[in-house]
Amino acid sequence: MFDWNDLRFFLELQRSGRLLTAARRLNTTHATVARHIEAIEKSLGTALFVQHAQGYELTPAGEALLKHAEAMENVALLAQEEITQSTAPLGKIRVGVTEGLGIMFLASRMNGLFERYPGLEVELVAVPRFVSILNREAEISIHLERPAADMLVTRKLTDYRLALYASQDYLDRSPALHSREDLGRHAWIGYVDDLLFSQELMFLNSFCRNPRVVFHSTSVIAQQQAARSGLGIAVLPCYMASADSGLVPLLPQESIQRSYWISTRRELHKSVRLRVLWDYVVQLCESEQDLLLGPDPL
């Protein structure tokens, strides 16, 4: 029978796809990772991976082992938490979230969580892309769209509103802006269309049929800074822009509403430390509805 410890190396190589990356995450060498993979393959009498130019990919035998290895990992994690963290949750939990919500909303509002649970350690992966919990990039993920996978537990986290903003400097040197019909004469700031990670970000045409976009960025924070500098009009979440003294809200009757969804893998939903963070984020969004939704459209 193979050494159960080998499964840690098997799982990490499957998730990272590369020996060096797996070794770095496990704080060891690539030779050690390779040795553990060879040991488990020898014990099972079959190859678990094939190597391609893009990295390591599971064989059918590897796919069969994966579901059992993940189940064993989850049982071990839940057992550890039940025994050691039933009264005071401790340890690390990673949440993947879109850049705007993570950096401009969550990061500055975590004090209450750590005051209640000082032994908790949170890794906030706030990036302008989708963070996969199925691939173990995070235990909790906050999305712009509702995930469809059956193996996930998902709920709506909150609605939020986006509106139009620009700097006063831009407005002073640009055509008058009194109604939606005037928007076609203005410069716009938006996303890089072919790098959009969600169709929910395709919203410029909701305001202007043919926007003249002069600056594109995959980062909503970069778009906010570009608007502050006077490059043009940006569509920004109200929770980011409403308190920014360098931005002026435009056409208050023109706004759009979107939603955030929060998910985790079904087998982790009973995890004590996961539920602590999950419940805190849900309650935080409920208490900050005025900020997330911004002023009511006129």
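None of the values given here were measured: they were computed from a predicted structure.

(A) Seen up close, the pairing of strand 5 (residues 140–143). Going residue by residue along strand 5, you find Ile140 and Ile142 tucked away on one face and Ser141 and His143 tucked away on the opposite face as well. The pairing of strand 3 (residues 91–98) with strand 5 spans two bridges and is parallel. From the neighbouring strand, valine 95 faces strand 5, where its bridge partner is isoleucine 140.

(B) Focus on the nonpolar core. One finds Leu101, Ile142, Leu157, Leu164, Leu183, Trp188 and Ile233 to be the most contacted residues of the largest nonpolar core, which totals 63 residues. Among the elements that make up this core, the one with the highest residue count is helix 10 (residues 272–287) (nine residues). Counting contributing residues, this core receives three or more from each of domain 2 (91–159 + 260–293) and domain 3 (161–257). In this view, leucine 101 contacts Leu106, Ile142, Leu157, Tyr239, Tyr260 and Leu292; residues no more than four positions away in its chain are not counted. In terms of nonpolar packing, the next biggest core, distinct from the first, is built from 18 residues, Leu11, Ile37, Leu48 and Leu66 among them.

(C) The arrangement of helix 3 (residues 30–44) in detail. Look at helix 3: 21 Å from first C-alpha to last across 15 residues, which is about the 21 Å you get at 1.5 Å a residue. Taken as a whole, helix 3 has its buried residues at Thr32, Val33, His36, Ile37, Ile40 and Glu41. At the exit of helix 3 stands glycine 45, carrying a positive phi of roughly 75°.

(D) Inspection of a nonpolar patch on the surface at higher detail. There is a patch of nonpolar side chains on the surface, built from Met1, Trp4 and Met72 and spanning about 410 Å² of accessible area. Mapping tryptophan 4 onto the fold places it in the segment before helix 1 (6–16). We classify tryptophan 4 as exposed; its relative accessible area is 53%.

(E) Fine view of the domain arrangement of the protein chain. Structurally, the protein chain comprises domain 1 (4–84), domain 2 (91–159 + 260–293) and domain 3 (161–257). Once you take the C-alpha centre of each, domain 2 and domain 3 turn out to be 27 Å apart. Taken together, the contact pairs 17 residues of domain 2 with 16 residues of domain 3. Carbon and sulfur atoms make up 63% of the surface buried where domain 2 meets domain 3, a total of about 1400 Å² over both sides. Of all residues in domain 2, the largest losses of buried area upon contact with domain 3 belong to Met104, Leu144 and Leu293, amounting jointly to 34% of the total for that side. Between domain 2 and domain 3 we count zero salt bridges in total.

(F) Main features of the side chain of glutamine 224. Along the chain, glutamine 224 turns up in helix 8 (residues 220–229). Judged by relative accessible area, glutamine 224 falls into the buried class, the value being 2%. Here the side chain of glutamine 224 touches aspartate 244 through a polar contact of 2.9 Å, side chain to side chain. Leave out the neighbours within four places in its chain, and glutamine 224 touches Met104, Leu236, Met240, Ala241, Asp244 and Leu247.

(G) Expanded view of the UniProt feature "domain: HTH lysR-type" (unreviewed entry) in the protein chain. UniProt marks residues 2–59 with the feature "domain: HTH lysR-type" (unreviewed entry), using the numbering shown here. Within the segment residues 2–59, helix and strand shares are 59% and 14% respectively, and the terminal C-alpha atoms sit 18 Å apart.

(H) Summary view of the sheet that holds strand 10 (residues 248–265). On the basis of which strands lie adjacent, the open sheet formed by eight strands has the order 4-3-5-10-6-9-7-8 and mixed pairing. In this open sheet, the two strands that pair with only one neighbour each are strand 4 (120–127) and strand 8 (212–216). Neighbour to neighbour, the strand axes of the sheet diverge by 30° on average, direction disregarded. Here strand 7 (residues 187–190) pairs with strand 8 via four bridges, running parallel. Across the sheet, the residue bridging to glycine 190 is histidine 216, located in strand 8. The strands that helix 8 touches are strand 6 (152–166), strand 7, strand 8 and strand 9 (233–237); relative to strand 9, the one it contacts most, it runs at about 135°.

(I) Representation of the state of the cysteines within the structure. Counted by the stated rule, this structure contains zero disulfides. Among the cysteines around cysteine 285, which has no disulfide bond, cysteine 238 carries the closest sulfur, lying 15 Å off.

(J) Broad picture of the pattern of salt bridges. Inspection of every chain in the model, using the stated rule, returns eleven salt bridges. The shortest N-O distance in the salt bridge between arginine 185 and aspartate 182 comes to 3.5 Å. By relative accessible area, aspartate 182 is classed as buried at 14%. Residues joined by salt bridges that share partners form a network here, namely Lys92, Arg94 and Glu123.

Quick notes on the rules
Residues numbered from 1 in each chain as written. Predicted model: local features only at pLDDT ≥ 70, side-chain atom pairs only at ≥ 80, totals over all residues. Heavy atoms only, no water. Buried < 20%, exposed > 50% of the residue type's maximum accessible area, 1.4 Å probe, protein only. Helix = DSSP H or I, 4+ residues; strand = E, 2+ residues; numbered from the N terminus. Pairing = 2+ DSSP bridges. Core = buried A, V, L, I, M, F, W, Y, C linked by side-chain atoms within 4.5 Å. Domains from an automatic or database assignment. Contact = heavy atoms within 4.5 Å. Expected span 1.5 Å × (residues − 1). Patch = residues over 30% accessible without salt bridge, like charges linked within 9 Å, V, L, I, M, F, W, Y side chains within 5 Å. Areas by Shrake-Rupley, 256 points an atom, 1.4 Å probe, with all protein chains shown as cover. Salt bridge = Lys/Arg side-chain N within 4 Å of Asp/Glu carboxyl O. Buried area = accessible area lost by both parts, 1.4 Å probe. Polar contact = N/O pair within 3.5 Å; in protein donor to acceptor, adjacent residues only side chain to side chain. UniProt positions renumbered as here; feature names shortened; annotations may be inferred. Axes fitted to C-alpha atoms, helices over the stretch in contact; angles between N-to-C directions. Disulfide = S-S within 2.5 Å.

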